[in-house]
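Chains, contacts and geometry: an overview
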Amino acid sequence: MEPQILGVVVMFIATLLLAVPLGKYIAKVYAGQHIWTDRIFSPIEKLFFRISRIDPTKEMNWKQHLTVLLTINLIWFFWAMFCLLNQGWLPMNPDHNQNMTSDLAWNTAISFLVNCNLQDYSGETGVSYFTQIYGLMFLQFVSAGTGMAAAAVVFNALRDRTTEQLGNFYNYFLKSCTRILLPVCILVAAIHLFEGTPMTFKGMDTVTTMQGDTMHVSRGPVAAFVAIKHVGTNGGGFYGANSAHPLENPNYLSNIVQMVAQILIPFAMVFAFGFYTNKKRLAWVFWSVMTIGFLILVVPAIYTEVQGNPNIAHMGISQPGGNMEGKEVRFGATASAFWSIATTVISTGSVNGMHDSFMPVSGMNMLLGMMINSFYGGVGVGFLNFFIYVILAVFIGGLMVGRTPEFLGKKIEAKEMKIAMIIALFHPFLILVGTAVASYLTAHDTNMGWWFADAAGKHNASGWLNNPSYHGFSEMLYQYTSCSANNGSGFEGLADNNPFWNISAGIVLLFSRFLPIIGPVAIAGILAQKKFIPVSSGTLKTDTGTFGMLVFAVKVIIAALAFFPALALGPIAEWLKMH
Amino acid sequence: MKKEIIPSLLLTIVCILFFSGVYPALIWGIAQLAPNKGEGFVIKGDNGKYYYENIGQKFTDDKYFWSRPSAVNYNASGSGGSNKGPDNPDYLAQVQATIDTFMKHNPDINKADIPSDMVTASGSGLDPHISVQGAEVQVARIAKVRRIDKSVVEALVKKHIDGPMYGLGPERVNVLKLNIELDQTTRRQ
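Residues numbered from 1 in each chain as written. Chains lettered and ligands numbered in written order. Predicted model: local features only at pLDDT ≥ 70, side-chain atom pairs only at ≥ 80, totals over all residues. Heavy atoms only, no water.

1. Regarding the overall build of chain A
When helices and strands are counted, chain A shows 18 helices and 4 strands. The C-alpha radius of gyration of chain A comes to 23 Å, within 12% of the 25 Å expected for a compact globule of 579 residues. Principal axes of the C-alpha set define a box for chain A whose edges measure 75 × 55 × 55 Å. Buried positions account for 68% of the 579 residues belonging to chain A. For chain A, the proportion of contacts with a sequence separation of at least 24, taken over those separated by at least 6, is 76%. When the accessible surface of chain A is split by element, carbon and sulfur atoms take 66% of a total near 18600 Å². Side-chain charges in chain A split into 32 positive and 29 negative, and the spacing between the mean points of these groups amounts to 17 Å. (Helix = DSSP H or I, 4+ residues; strand = E, 2+ residues; numbered from the N terminus. Rg over C-alpha atoms; globule rule 2.2 N^0.38 Å. Buried < 20%, exposed > 50% of the residue type's maximum accessible area, 1.4 Å probe, protein only. Contact = heavy atoms within 4.5 Å. Areas by Shrake-Rupley, 256 points an atom, 1.4 Å probe, with all protein chains shown as cover. Lys, Arg positive; Asp, Glu negative; His and termini not counted. Charge placed at Lys NZ, Arg CZ, Asp CG, Glu CD.)

2. Topic: the confidence of the model for chain B
Should pLDDT be low for a region, the predicted coordinates there are not to be read in detail. On average, residues of chain B score 95 in pLDDT, and 100% of them are at 70 or above. Here the complex is predicted with pTM 0.96, and the ipTM for its interfaces comes to 0.96. (pLDDT = per-residue confidence, 0-100.)

3. What to know about the pairing of strand β2 (residues 214–217) of chain A
Residue and element names in this part refer to chain A. In β2, alternate side chains face the same way, and those of M215 and V217 are buried while those of T214 and H216 on the opposite face are not. The pairing of strand β1 (residues 205–208) with β2 spans 4 bridges and is antiparallel. When the bridges of β2 are listed, V207 appears paired with M215. Linking two consecutive strands that pair antiparallel, namely β1 and β2, is a turn of 5 residues; a positive phi of about 95° is found at G212 within it. (Pairing = 2+ DSSP bridges.)

4. Thoughts on the pattern of salt bridges
Residues and elements named next belong to chain B. Inspection of the entire model under this criterion finds 20 salt bridges over all chains. In this structure, K144 engages D108 in a salt bridge whose closest nitrogen and oxygen atoms are separated by 3.5 Å. Of the two residues, K144 is situated in helix α4 (residues 139–146) and D108 in the loop between α2 (89–105) and β3 (129–130); the sequence distance between them amounts to 36 residues. The closest approach of N and O atoms between R146 and D183, which form a salt bridge, is 2.9 Å. Of this pair, R146 sits in helix α4 while D183 is found in helix α6 (residues 175–188), placing the two residues 37 residues apart along the sequence. Taking the relative accessible area as the measure of exposure, R146 reaches 11% and is therefore buried. (Salt bridge = Lys/Arg side-chain N within 4 Å of Asp/Glu carboxyl O.)

5. Some remarks on the side chain of S111 of chain A
Residues and elements named next belong to chain A. Summarising the element assignment, S111 is placed in helix α4 (residues 102–113). Taking the relative accessible area as the measure of exposure, S111 reaches 0% and is therefore buried. Among residues more than four places away in sequence, those in contact with S111 are C116, N117, L118 and L509.

6. Quick word on unusual backbone geometry
The phi dihedral of R53 of chain A falls on the positive side, at around 55°, and the residue is not glycine. The residue R53 of chain A is located in the loop between α2 (38–51) and α3 (62–86) in this model. For R53 of chain A, a relative accessible area of 65% puts it in the exposed group. The backbone of N73 of chain B sits at a positive phi, close to 60°, despite the residue not being glycine. Among the structural elements, N73 of chain B can be located in the loop between β2 (50–52) and α2.

Right, dumping it as structure tokens:
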């Protein structure tokens with residue numbers, strides 16, 4: 001097989017092989033069974049709970065879970081704002097980077113709090129090492145832990161029984177961080193150290209190049225950061241260029257490790273669900289639905305990137321490496337195209353090539369990955385999003401064949417359906433309204449005043465686009481899609497570090513994070529209280545290929561109806577113009 | 001909510017100390033065993049100079065193999081790509097201009113032999129590599145400017161081709177390493 005194709009096949013298969021045993025391990029962690037990491041982490045966790053005056057065995061109902069989740073997230077928000085607004089005088093700032101402006105701090109704090117990691121700053125100049133490690137990297141751990149803990153609550157609620165008691169949130173949260181995220185991170189970071197990723201607290205270095213130019217090289221504690229950035233599907237880069245940067249992602253091996261690290265837990269959470277609730281077949285159905293969706297998006301993206309840009313072909317040069325604008329030679333077009341789709345379906349949002357310069361088909365598939373947002377999805381929350389679609393599919397399927405809509409022995413009724421519909425439709429609502437407002441301002445070239453100024457100091461709204469025409473529209477659509485999917489990648493040409501984009505994106509981020517956590521946890525909590533109905537001939541079977549197709553169809557129909565017009569104005573129009 | 005504030009706050013503090021204190025300290029400790037103690041791989045040059053192996057440098061001199069165009073001009077205090085869309089007329093004009101410049105400095109080649117990586121900006125702006133074809137297409141120029149035999153330069157390029165890593169991924173040439181050895185070879189002759 002061609003070595004570049006073989007490379008991505010290896011990434012995928014390695015992930016799957018690791019994810020099944022990890023899923024089993026995760027299920028044991030949440031079930032509180034004995035595991036080999038007890039010896040190391042049990043004393044630490046006990047100490048943490050004692051200091052924090054928490055009883056980790058106290059069971060909570062779904063409302064108490066959400067109360068704790070929101071309270072602790074609010075505290076983290078204040079901590080992040082403190083770091084960002086005071087980094088100028090705080091320690092560990094060898095490059096003398098300045099405090100953030102308040103609108104940028106608002107955007108950055110929220111963006112890392114909600115596991116999105118949209119970055120309107122560049123790591124080299126925008127933040128100090130203190131902020132990177134104590135502010136942002138801390139949030140990368142705990143925001144991932146939050147999503148996983150919420151998924152654990154849902155797992156617990158879906159077991160065959162009737163209860164209000166769904167475990168302890170603090171316990172799920174802390175164990176997600178210590179037992180699952182931390183060990184994987186240590187391994188990933190250690191590999192990176194030996195491939196060339198720095199881990200130093202020294203500041204910028206100055207070297208003279210062979211040609212005699214003076215050159216500054218940003219360093220920093222990168223290895224620790226890059227590990228949790230992927231293991232927690234956060235995606236925020238240490239450097240501005242994210243994983244395209246040759247220190248953050250030095251070679252093909254580190255690229256494989258980062259790719260496996262970011263898809264690993266999203267895969268494993270599906271299997272963990274199967275092991276935890278003892279519904280392994282259902283887990284494989286879910287995983288297959290996700291994988292089919294992923295493959296439908298990734299194959300065309302790889303194909304078009306390898307083909308190259310027809311406009312450049314007209315200039316008479318060759319494109320042996322495919323479309324290389326915004327890509328790195330050491331990864332090649334195949335691995336970058338694979339990455340671009342993987343990072344968008346699982347809501348990591350890290351990049352190893354600049355998405356703005358990808359071909360229209362790839363751009364559209366990245367957008368679709370984020371619009372559907374549950375082909376795997378981010379750690380924990382991906383499963384929650386998928387769960388919403390399952391509820392919808394059960395209801396529709398039940399009506400179609402004239403059976404009572406039931407899922408895992410619980411009746412799905414009007415209240416759950418209403419919540420599921422609100423969550424499913426809120427995502428397109430946020431994306432389309434945001435894009436519509438921004439497009440309206442751009443089309444009228446509105447004078448934005450305080451809200452926006454381009455590099456030349458002009459306040460015209462069209463100045464925030466880096467590309468004209470359809471591609472410019474895609475830049476704005478991508479930004480809000482990325483926010484609403486809590487993804488964090490961008491068509492980075494968009495001039496987004498200004499009050500208009502910082503503030504509006506921050507608002508979208510908040511809603512799109514917490515509603516899709518509250519909704520599924522509420523549904524699961526309500527279902528858990530209902531009477532358990534044993535399987536009978538009247539039950540709609542969910543662990544079958546037919547049901548898998550139904551879930552897939554529901555996703556496609558919702559996405560197609562909601563997003564086709566917007567995609568037609570952006571990437572589809574661009575493709576038609578180029579061909 | 002009120003009674004959860006104190007426990008949440010305390011748990012936050014211990015988590016900050018653990019995940020932002022202990023964890024990075026551990027990784028930093030492991031880094032002390034890694035090459036160059038986790039400060040980035042470096043290569044020694046002449047006169048006590050050193051270079052970062054993974055950070056591309058700006059090579060525009062005719063006597064050196066050129067690196068790829070860069071949106072940040074190979075200044076590694078920042079990083080980033082051009083973010084130009086594939087159908088942007090300004091961008092296409094810029095690529096055309098880069099091709100023209102390349103042809104002017106390499107008059108003996110066929111335009112069809114220029115690979116696209118030599119005229120497009122990388123994602124980081126610091127790409128240390130070019131494609132094998134990108135190196136080969138510059139051989140004639142280098143040989144002429146340095147007045148050395150073409151076969152010598154060709155052999156040098158061949159020596160610096162990094163094959164797929166563990167059989168995976170693309171072939172590539174590290175421009176910095178190639179140019180260091182190019183200088184040494186020229187001096188010897």
